[in-house]
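Descriptive structure summary
Each chain, letter by letter, is given below.
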Amino acid sequence: MNRAAAITGSVLVALGLSIFAWKTLVLQLPILPSNVENLWRVELEIEARGSGARGSVRVALPGSDGEQEIFDERQTSDRLVFTIRTEDGQRTGVWSGTFDGVHSISQAFRVQLAEVPPPLPTDLAQKPPKEIVAAFSRSSSRFPADAPEIRELVANIAPPAPNDPLGQMRTLLGYVTDEILTATTGSTDALLTLSAGEGSQLGKSRLLVAMLRAAGFPARLAAGLRLHAQRDARETVWVEAWVGGRWIPLSPTLGFFGARPANMLLLRSGSAALIEETGLEAISSRYRVLRESLDAKEVASFMVPTNPLLAAVSLYRLPVRSQEALRILLILPIGALIISFFRNLVGLRTFGTFMPLLIALALRELSLSLGLSLVGSVIALGIVSRLFLDRLQLLLVPRLGVLLCVVVLAITAQSLVGRSYEVRDLFASILFPVVILTMLIERFSITSAEEGPGAAVRRLASSTLIAICIYPAFRLQALEHLMFGFPELVISAMGALVAIGGYTGYRLAELWRFRSFTRQLDEGVP
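To keep things clear, this report deals only with the structure shown in the data block. Quick caveat, the model's predicted, so the values are computed rather than measured.

Thoughts on the overall build of the protein chain
Helix and strand counts for the protein chain stand at 20 helices and 12 strands. Taken over C-alpha atoms, the radius of gyration comes to 31 Å for the protein chain, far larger than the 24 Å a tight globule of 526 residues would show. Reported as C-alpha extents along the three principal axes, the dimensions of the protein chain are approximately 105 × 60 × 55 Å. Across the 526 residues in the protein chain, those meeting the buried criterion constitute 44%. Working note: accessible area of the protein chain is about 26,400 Å², and carbon and sulfur atoms make up 59% of it. Taking the average location of the 50 positive side-chain charges in the protein chain and that of its 46 negative ones, the two points are 6 Å from each other.

A look at helix α11 (residues 355-362)
Buried residues dominate α11, accounting for six of its eight residues. Where α11 is concerned, the buried positions are Met-355, Pro-356, Leu-357, Ile-359, Ala-360 and Ala-362. Buried positions along α11 lie against α10 (332-346), α15 (434-451) and α16 (453-475).

Section: the sheet that holds strand β8 (residues 234-243)
If you walk across this open sheet you meet the four strands as β9-β8-β7-β10, and the pairing is antiparallel. The open sheet is flanked by β9 (246-250) and β10 (264-269), the only strands paired with a single partner. Direction aside, neighbouring strands of the sheet carry axes that sit 40° apart on average. Strand direction decides the pairing type here: strand β7 (residues 219-226) and β10, joined by five bridges, are antiparallel. The residue bridging Gly-224 from the neighbouring strand is Leu-266, located in β10. Where helix α4 (residues 165-179) meets the sheet, its contacts fall on β8 and β9, and the angle it forms with β8 comes to roughly 145°. Docked against the sheet, helix α6 (residues 201-214) engages β7, β8 and β9, running at close to 5° with respect to β8.

Side note on the nonpolar core
With 32 residues, the main nonpolar core has Ile-150, Met-169, Leu-207, Leu-208, Met-211, Leu-212 and Leu-250 as its most contacted residues. Ranked by residue count, the leading element in this core is α6, at seven residues. When sequence neighbours within four positions are dropped, the list of residues in contact with Leu-207 reads Ile-150, Val-176, Ile-180, Ala-190, Thr-193 and Leu-194. Counting residues in hydrophobic clusters, the runner-up holds 27 residues, among them Phe-20, Leu-348, Ile-466 and Ala-473.

Points about the packing of aromatic side chains
A complete count under the given rule lists seven aromatic pairs for this structure. With a centroid separation of 5.5 Å and an interplanar angle of 85°, the aromatic rings of Trp-242 and Trp-247 are classed as edge-to-face. With respect to burial, Trp-242 and Trp-247 carry one shared label: buried. By way of ring pairs, the aromatic residues Phe-136, Trp-242 and Trp-247 are connected into one cluster. One residue, Arg-220, lies across the ring of Phe-136, its end atom 5.4 Å from the ring centre. For Arg-327, the ring lying beneath its charged end belongs to Phe-484, and the centroid distance is 4.1 Å.

Quick word on the pattern of salt bridges
Evaluated as defined, the whole model comprises 14 salt bridges. The salt bridge involving Asp-65 is made with Arg-260; its shortest N-O contact spans 3.5 Å. Of this pair, Asp-65 sits in the loop between β1 (39-61) and β2 (68-76) while Arg-260 sits in the loop between β9 and β10, placing them 195 residues apart in sequence. A residue is classified by how much of its surface remains accessible, and Arg-260, at 8% relative accessible area, is buried. Two residues, Glu-451 and Arg-459, come together in a salt bridge whose shortest N-O distance is 3.1 Å. Three or more residues joined by partner-sharing salt bridges are found here, namely Asp-65, Glu-67 and Arg-260.

Brief notes about the environment of Glu-488
The residue Glu-488 is located in the loop between α17 (477-485) and α18 (489-501) in this model. Expressed as a C-alpha distance, the spacing of Glu-488 and Ser-18, which sit 470 residues apart in the sequence, is 9.1 Å.

Things to note about a nonpolar patch on the surface
A surface patch of nonpolar side chains, amounting to about 340 Å² of accessible area, comprises Phe-388, Leu-392, Leu-394 and Val-402. Position of Val-402 relative to the elements: it lies in helix α13 (residues 396-420). Taking the relative accessible area as the measure of exposure, Val-402 reaches 33% and is therefore partly exposed.

Examining helix α9 (residues 320-329)
At 3.6 residues per turn, the α-helix brings residues three or four places apart onto the same side. All of the buried residues along α9 are Val-320, Gln-323 and Arg-327. What you see down the axis of α9 is that its buried residues fit within an arc of 55°, all on one side. Its buried side turned inward, α9 meets β1, β4 (90-113), β12 (282-291) and α17.

Structural notes on the pairing of β9
Within a regular beta strand, the side chains point alternately toward one face of the sheet and then the other, so they alternate between its two faces. When you tally the buried positions in β9, you get four out of five residues, the bulk of the element. Here β8 folds back onto β9, and the loop between the two strands holds two residues, one of which, Gly-244, carries a positive phi near 65°.

Topic: unusual backbone geometry
With a phi angle near 50°, Asp-78 is a residue other than glycine that sits in the positive phi range. Within the secondary structure, Asp-78 sits in the loop between β2 and β3 (81-87). With a relative accessible area of 27%, Asp-78 lands in the partly exposed category. Of note in the backbone geometry, Arg-79 takes a positive phi value of approximately 70° without being a glycine. Inspection of the secondary structure puts Arg-79 in the loop between β2 and β3.

A word on the environment of Glu-47
Structurally, Glu-47 can be placed in strand β1. Among the residues examined, Glu-47 registers a relative accessible area of 37% and is labelled partly exposed. When the C-alpha positions of Glu-47 and Ile-283 are compared, they lie 5.6 Å apart, and in sequence the two are 236 residues distant. Not counting the four nearest positions on each side in its chain, Glu-47 is found in contact with Val-102, His-103, Ser-104, Ala-282, Ile-283 and Ser-284.

A few points about the packing of helix α3 (residues 148-157) against α4
The N-to-C vectors of α3 and α4 enclose an angle of 115°; their axes lie 10 Å apart at closest approach. Considering how the two elements wind past one another, α3 and α4 form a crossing that is right-handed. Residue-level inspection shows Leu-153, Val-154 and Ile-157 of α3 in contact with α4, the latter providing Thr-171, Leu-172 and Tyr-175. Here the residues of the contact of α3 with α4 are counted per class, giving five nonpolar, one polar and no charged.

What counts and how
- Each chain carries its own residue numbering, running from 1 in the direction its sequence is written.
- Totals for whole chains, interfaces and linings use all residues, but because this is a predicted model, local features are given only for residues with pLDDT of at least 70 and pairs of side-chain atoms are given and counted only at 80 or more.
- Processing note: side-chain calculations cover all non-hydrogen atoms of the structure and skip hydrogens and water entirely.
- Numbering of helices and strands runs from the N terminus, with a helix taken as a DSSP run of H or I at least four residues long and a strand as a DSSP run of E at least two residues long.
- Note that the radius of gyration is over C-alpha atoms, with the globule rule given as 2.2 Å times the number of residues to the power 0.38.
- Only protein chains enter the accessibility calculation, which uses a 1.4 Å probe; a residue is then buried when its area is under 20% of its type maximum, exposed when over 50%, and partly exposed in between.
- Note on areas: Shrake-Rupley, 1.4 Å probe, and residue coverage restricted to the protein chains presented here.
- Just so you know, the count uses Lys and Arg for positive and Asp and Glu for negative, and it drops His and the chain ends.
- In plain terms, the charge of a residue is placed at NZ if it is Lys, CZ if Arg, CG if Asp and CD if Glu.
- We call two residues in contact when some of their heavy atoms are within 4.5 Å.
- A pair of strands counts as paired when DSSP detects no fewer than two bridges linking them.
- As a rule, the C-alpha atoms of each element are fitted with a line to give its axis, helices using only the stretch in contact, and angles between N-to-C directions run from 0 to 180 degrees.
- In this text, buried Ala, Val, Leu, Ile, Met, Phe, Trp, Tyr and Cys residues form a nonpolar core when linked through side-chain atoms within 4.5 Å.
- Aromatic contacts are taken between Phe, Tyr and Trp rings whose centres are within 6.5 Å, Trp giving its six-membered ring; a plane angle under 30 degrees counts as stacked, one over 60 as edge-to-face, and the others as tilted.
- We call a charge positioned above a ring when the Lys NZ or Arg CZ atom is no farther than 6 Å from the ring centre and deviates by at most 35 degrees from the ring normal.
- Here, a salt bridge means any Lys or Arg side-chain nitrogen found within 4 Å of an Asp or Glu carboxyl oxygen.
- Each patch is built from residues that are more than 30% exposed by relative accessible area and take part in no salt bridge. Like charges join if they lie within 9 Å; nonpolar side chains (Val, Leu, Ile, Met, Phe, Trp, Tyr) join within 5 Å.
- Throughout, the arc means that of the directions going from the helix axis to the C-beta atoms.
- Crossings are classed by handedness, with left-handed meaning an anticlockwise turn of the near helix from the far one by less than a right angle and right-handed meaning a clockwise turn.
- Gly falls in the polar group here, along with every residue not listed as nonpolar (Ala, Val, Leu, Ile, Met, Phe, Trp, Tyr, Cys, Pro) or charged (Asp, Glu, Lys, Arg).

The analysis is restricted to geometry; functional conclusions fall outside its scope.
Structure below.
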């Protein structure tokens with residue numbers, strides 16, 4: 001082995017491991033995720049455009065209750081003044097000032113959602129306070145509880161039941177859930193929803209509020225987010241009704257009663273509006289969520305370690321979008337290390353230096369068997385097309401262009417098949433690296449022509465084998481946490497790569513290839 005490379009590699013490996021050991025042994029940072037459930041980081045990004053006039057952006061802020069605990073709230077203001085207003089227990093974040101041009105503001109927090117839903121109230125005879133009755137029992141244009149059709153409907157399907165108010169609520173909820181269709185483009189008006197027999201989520205919720213008020217229950221809207229680990233949060237609306245001394249949630253579109261689902265975050269009670277503005281030309285917003293793998297104390301230890309230098313460079317302080325990208329990027333050195341091991345120590349040859357890494361990266365959202373099947377079918381179709389193109393004797397760039405079109409059509413066909421048979425994973429194939437697959441087909445064809453079909457198949461098999469070995473690295477949550485929480489391990493990976501790069505001995509494939517020769521030398525055959 002090259003001595004300089006060995007020394008440099010050893011120094012880098014030792015440096016990375018030393019920092020890692022200091023953080024884990026001295027600062028007590030957790031090495032493995034705690035597998036904590038239902039801890040999320042939520043981030044709201046807002047782009048607001050103004051023409052130089054004063055204005056404001058008002059955002060519903062979550063509060064802690066028995067089903068959720070909010071902590072680590074942060075905001076960015078971008079030349080605006082940020083304040084928090086609290087009214088009737090509801091917190092509202094307000095960015096105010098002169099809006100001139102585009103302003104980017106954000107609000108982020110972490111939330112721990114309860115695993116076990118609270119029990120239903122038992123003191124059902126308890127009367128609601130007067131202020132709640134006054135605010136949430138009256139009829140209005142949005143909640144027409146006094147409308148004749150509402151009162152007649154409530155009287156027919158759910159007559160008063162003083163001893164069973166929860167049963168009466170369930171009956172009203174069941175009617176709106178089962179008898180009123182949910183349509184994305186349906187009306188948001190309660191009476192129009194009732195008349196048409198269908199309505200939007202907001203329309204059905206308003207109808208249920210009106211029916212509950214008509215039955216004598218204080219009721220209001222509530223709004224929040226449905227949290228999903230694999231996609232952006234979805235804004236949603238439901239209903240809250242007062243019974244037994246507290247508000248209980250119920251939804252005619254999501255099908256819950258008495259407790260919110262474990263992935264539901266409450267942002268606002270009493271209204272469906274999460275974001276409001278005044279004096280702006282335009283505004284756009286987006287909620288991003290990230291599921292945490294550490295508990296609250298462990299997250300805090302990464303975000304604010306005792307060492308000020310580490311606190312300044314903590315990746316956990318970055319926005320959600322940056323964290324998502326870095327969690328993938330920091331796995332790439334591990335993939336490069338695996339490729340170097342197989343190419344330089346084992347002696348396998350691949351199509352392109354990082355082709356297996358790119359294939360593994362493209363398959364990370366799919367099961368391995370399905371992903372390889374999809375890639376294999378596209379490559380097979382491309383190779384057949386390439387054989388046909390040989391007869392046309394096209395120039396290189398047009399030939400690659402035609403192959404690109406074939407790959408795009410094949411991926412499009414897979415998506416259509418997935419849509420027809422409701423196989424969602426086939427939709428994900430649209431994210432395959434089209435250009436990479438095209439180049440893979442071209443190189444397979446060139447290798448087959450220059451070195452024979454056997455050599456091309458062996459190289460394709462080697463590329464696939466290494467991609468299979470890299471694939472788990474993109475799927476292991478523990479490895480993702482390790483590389484994201486301890487990015488100094490990339491220095492150790494660099495050291496290992498330097499050491500492998502300085503290796504000048506025989507590879508395993510060469511030892512196997514010349515095994516008969518070495519056996520003869522061992523036996524003393526001249």
